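The chain contents come next:
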Amino acid sequence: MSEPLTEEQFDALHRRLKDLTEEIESALETSSDSERPVDLEEPIGRISRIDAIQQQKMARASRARLQGRLRAIRAALDRIDQDAYGDCALCDDPIGYGRLAARPETPLCMPCQSERE
């Protein structure tokens, strides 16, 4: 079992979650242009068009991952407001600073995460 977070660790993770929120919101804002539909009437070669469509699909997938992570970060910030941050959502044991430092939005301790996978 992990130790509960110290006040300093908690504050650092809280700041990190806020910083991540800003970073991801900014990335989502700038990536919206890459999702524009590929103009099939544009006079470019067939290979270039296929490449453009592939890049668009990759941009959409990347954007979806960022949106998912942003939802998880906002949920972590909600857990802070509810005084439940740092405790596993399944077993209520402390998650541990090392795991939270790597992924501050994670809601599960390692044993519960391993069980889910």
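Our structure's up above, just so we're on the same page.
Attention here is on the structure that accompanies the text. Owing to the predicted nature of the structure, the values given are computational and were not obtained by experimental measurement.

## Some points on the overall build of the protein chain
Counting its regular elements, the protein chain contains four helices and zero strands. Counting helices and strands in the order they occur from the N terminus, the protein chain gives α-α-α-α. Counting across all 117 residues of the protein chain, residues that qualify as buried make up 26%. The long-range fraction of contacts in the protein chain, counting pairs at least 24 apart against all pairs at least 6 apart in sequence, stands at 59%. Of the roughly 8,100 Å² that the protein chain leaves accessible, carbon and sulfur atoms contribute 48%.

## Digging into the nonpolar core
One finds Leu-17, Ile-73, Tyr-85 and Cys-88 to be the most contacted residues of the largest nonpolar core, which totals 17 residues. Residues in contact with Tyr-85, not counting those within four places in the same chain, are Leu-5, Phe-10, Leu-13, Leu-17, Ala-76, Arg-79, Ile-80, Leu-100 and Pro-104.

## Considerations on the pattern of salt bridges
For the coordinates displayed, the defined rule picks out four salt bridges. With a closest N to O distance of 2.5 Å, Arg-74 and Glu-25 form a salt bridge. One end of the pair, Arg-74, is in helix α2 (residues 46-81); the other, Glu-25, is in helix α1 (residues 7-31), and 49 residues separate them in sequence. For Glu-25, a relative accessible area of 33% puts it in the partly exposed group.

## Brief notes about the packing of aromatic side chains
Counting across every chain of the model gives one aromatic pair. Ring geometry for Phe-10 versus Tyr-85: centroids 6.1 Å apart, planes at 70°, classification edge-to-face. Remark: Tyr-85 occurs in the loop between α2 and α3 (97-102) and Phe-10 occurs in helix α1; sequence separation between them is 75 residues.

## Describing α1
Spanning 25 residues, α1 covers 36 Å between terminal C-alpha atoms, matching the ideal 36 Å at 1.5 Å per step. Among the residues of α1, Leu-13, Leu-17, Leu-20, Thr-21, Ile-24, Leu-28 and Ser-31 are the ones counted as buried.

## Here's the deal with the environment of Arg-16
Position of Arg-16 among the secondary structure elements: in helix α1. Sequence separation between Arg-16 and Ala-101 is 85 residues, and the spatial gap between their C-alpha atoms is 8.8 Å. Excluding anything up to four places from it in sequence, Arg-16 contacts Glu-23 and Pro-104.

## Focus: unusual backbone geometry
One non-glycine residue, Asp-83, lies in the positive phi region at around 60°. When you line up the elements, Asp-83 lands in the loop between α2 and α3. For Asp-83, a relative accessible area of 70% corresponds to the exposed category. With phi around 70°, Asp-92 is a residue other than glycine that occupies positive phi space. As for its position among the elements, Asp-92 is in the loop between α2 and α3.

What counts, and at which threshold
- Residues numbered from 1 in each chain as written.
- Predicted model: local features only at pLDDT ≥ 70, side-chain atom pairs only at ≥ 80, totals over all residues.
- Heavy atoms only, no water.
- Helix = DSSP H or I, 4+ residues; strand = E, 2+ residues; numbered from the N terminus.
- Buried < 20%, exposed > 50% of the residue type's maximum accessible area, 1.4 Å probe, protein only.
- Contact = heavy atoms within 4.5 Å.
- Areas by Shrake-Rupley, 256 points an atom, 1.4 Å probe, with all protein chains shown as cover.
- Core = buried A, V, L, I, M, F, W, Y, C linked by side-chain atoms within 4.5 Å.
- Salt bridge = Lys/Arg side-chain N within 4 Å of Asp/Glu carboxyl O.
- Phe/Tyr/Trp six-rings, centres within 6.5 Å; stacked < 30°, edge-to-face > 60°.
- Expected span 1.5 Å × (residues − 1).

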